[in-house]
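# Summary of the model geometry
Now for the letters of each chain:
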Amino acid sequence: MNLDALNKVALAMTAPGKGILAADESTSTIKKRFDAIGVTSTEDNRRDYRELLFRSAEGMRYISGVILYDETIRQKAKDGTPLVELIKKAGAVPGVKVDKGAKPMALAHEGEVITEGLDGLRERLIEYRGLGARFAKWRAVIDIGKGMPTRNCINANAHALARYAALCQEQEIVPIVEPEVLMDGDHDADRCFSVTEQVLKTVFNELFEAHVMLEGMVLKPNMVIAGKKCAKKSTVEQVAEQTVTVLKICVPALVPGIAFLSGGQSDEEATAHLDAMNKIGNLPWKLTFSYGRALQHAPQTTWKGRPENVAAAQRAFAHRAKMNSLAALGQWKSDMEKKAA
Ligand code: 13P
């Protein structure tokens, strides 16, 4: 393992003022997004949409890395250029989602899931590296509800994340380690805090046992946020303060960067929270974004599958990317949103 090379990529992925574009929606997830804008999810439409993003020179200025799906990492743009080449030309690092999704966990508490995809992963990583991937992503899903998460679910998912991360580093691929505590329930922010703490401590313990080198990874966590159905909402400052606190308790300073998921927050919330955390300052790791929905909702609803909307969709993407870039530097202000609207 070449730790220097891994560390260089991890630092590039979390470079100041840049963040990661999560464009790794599975075929079924991108179909849901396309259904919402009235676009048929064909291979060509998926290619055209992703090409639109990767060819947005203005938007890509703020993007350090792009997470691709298996189909996309193999696709070529309309003119025959591999999409991976477009990403590299834009100065970003190509990466790929390698998990095979979260499946119901056998004999577990109802609703608990375990992420699959470890069998054959070494061989798949070798192939993905050949296709240009320099980092990978694996998402574990932890749901909060009555009597859950159980220790069983947290342990199994953390163990899988560590096995994945070790396999990645063996192939000189930087693992994005993503243990997502969902914001779907009616739990309050304090409960999210305690579950996130338990999950992150378990994950880092497993990473340590699996000999994963922390300098060569990126953490992709949730923020500490109340469930969508909880009446008691935290302020932006409370989200920032609780999230930074739990990260300081659990995440060793050796981890170069932390890139958050947006997890169903509104576009502006995701930006405001990241900005407030960076305004706290004096943190041992870089804090940036690795957003899917919070970067793509605006371009998708602008594009609607119509070629005449491509330039406007690229502007919508560039605006969100720029806002999040400023947030990664703690330099965002809410009136910057109004001016652009
Ligand atoms: P969201 O930002 O939409 O949560 O997606 C990020 C991601 O990659 C989830 O795995």
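Notes on the structure in this doc start here. Everything numeric in this text was worked out from a predicted model, so none of it was measured.

Our focus in this paragraph is the overall build of the chain. Counting its regular elements, the chain contains 14 helices and 10 strands. Its C-alpha atoms give the chain principal-axis dimensions of about 50 × 45 × 40 Å. Out of the 341 residues belonging to the chain, those deemed buried represent 56%. Relative to all contacts within the chain whose residues are 6 or more apart in sequence, the contacts with residues 24 or more apart total 79%. Entry remark: accessible area of the chain is about 14,300 Å², with carbon and sulfur atoms responsible for 52%. Within the chain, one finds 46 positive and 42 negative side-chain charges whose respective centroids are separated by 4 Å.

Along strand S9 (residues 257-260), one buried face is formed by Gly257 and Ala259 and the opposite face, lined by Ile258 and Phe260, is buried too. Sheet analysis places strand S8 (residues 218-219) next to S9, joined by two bridges and oriented parallel. Each bridged residue has a counterpart across the sheet, and for Val218 the counterpart in S9 is Gly257. For the crossover from S8 across helix H10 (residues 236-250) to S9, the handedness is right-handed. Taken together, the four bridges between S9 and strand S10 (residues 286-291) define a ladder with parallel strand orientation. Along S10, the bridge assignment pairs Gly257 with Lys286. Between S9 and its parallel partner S10, the chain crosses via helix H11 (residues 267-280), and the hand of that crossover is right-handed.

Moving on, we get to the environment of Ala316. Relative to the helices and strands, Ala316 is located in helix H13 (residues 310-328). Given the relative accessible area of 16%, Ala316 is considered buried. For Ala316 and Pro299, which are 17 residues apart along the polypeptide, the C-alpha to C-alpha distance reads 5.2 Å. Discounting chain neighbours no more than four positions away, the residues touching Ala316 are Ala298, Pro299 and Thr302.

Here the focus is the packing of aromatic side chains. As enumerated under the stated definition, the model contains five aromatic pairs in all. Ring centres of Phe289 and Tyr291 lie 5.7 Å apart, and the angle between their planes is 40°; on these two criteria the pair is classed as tilted. In terms of burial, Phe289 and Tyr291 fall into one category: buried. Site record: aromatic cluster; members linked through ring pairs are Phe34, Tyr49 and Trp303.

The next subject is the side chain of Glu51. Mapped onto the elements of the fold, Glu51 is located in helix H3 (residues 43-54). Those residues in contact with Glu51 that lie beyond four places of it in its chain are Ala77, Lys78, Leu83 and Leu86.

What follows deals with the sheet that holds S10. What the eight strands build is a closed barrel, ordered S1-S2-S3-S6-S7-S8-S9-S10; its pairing is parallel. Sheet topology places strand S1 (residues 19-22) next to S10; two bridges connect them, and they run parallel. Looking across to S10, one finds that Ile20 is bridged to Ser290. Helix-sheet contacts for helix H1 (residues 3-13) involve S1, strand S2 (63-68), strand S3 (93-97), strand S6 (135-142), strand S7 (174-181) and S8, and the interaxial angle to S7 is about 50°. With respect to the sheet, helix H8 (residues 151-170) is in contact with S6 and S7, its orientation differing from that of S6 by roughly 175°.

Moving on, we come to H1. Buried residues of H1: Leu6, Val9, Ala10 and Met13, and no others. One face of H1 carries all of its buried residues, which in axial projection span an arc of 100°. For H1, the exposed residues lying more than 90 degrees away from the buried face are Asp4 and Lys8.

Conventions used here
- Residues numbered from 1 in each chain as written.
- Predicted model: local features only at pLDDT ≥ 70, side-chain atom pairs only at ≥ 80, totals over all residues.
- Heavy atoms only, no water.
- Helix = DSSP H or I, 4+ residues; strand = E, 2+ residues; numbered from the N terminus.
- Buried < 20%, exposed > 50% of the residue type's maximum accessible area, 1.4 Å probe, protein only.
- Contact = heavy atoms within 4.5 Å.
- Areas by Shrake-Rupley, 256 points an atom, 1.4 Å probe, with all protein chains shown as cover.
- Lys, Arg positive; Asp, Glu negative; His and termini not counted.
- Charge placed at Lys NZ, Arg CZ, Asp CG, Glu CD.
- Pairing = 2+ DSSP bridges.
- Right-handed = clockwise from strand over helix to strand, strands pointing away.
- Phe/Tyr/Trp six-rings, centres within 6.5 Å; stacked < 30°, edge-to-face > 60°.
- Axes fitted to C-alpha atoms, helices over the stretch in contact; angles between N-to-C directions.
- Arc of directions from axis to C-beta.

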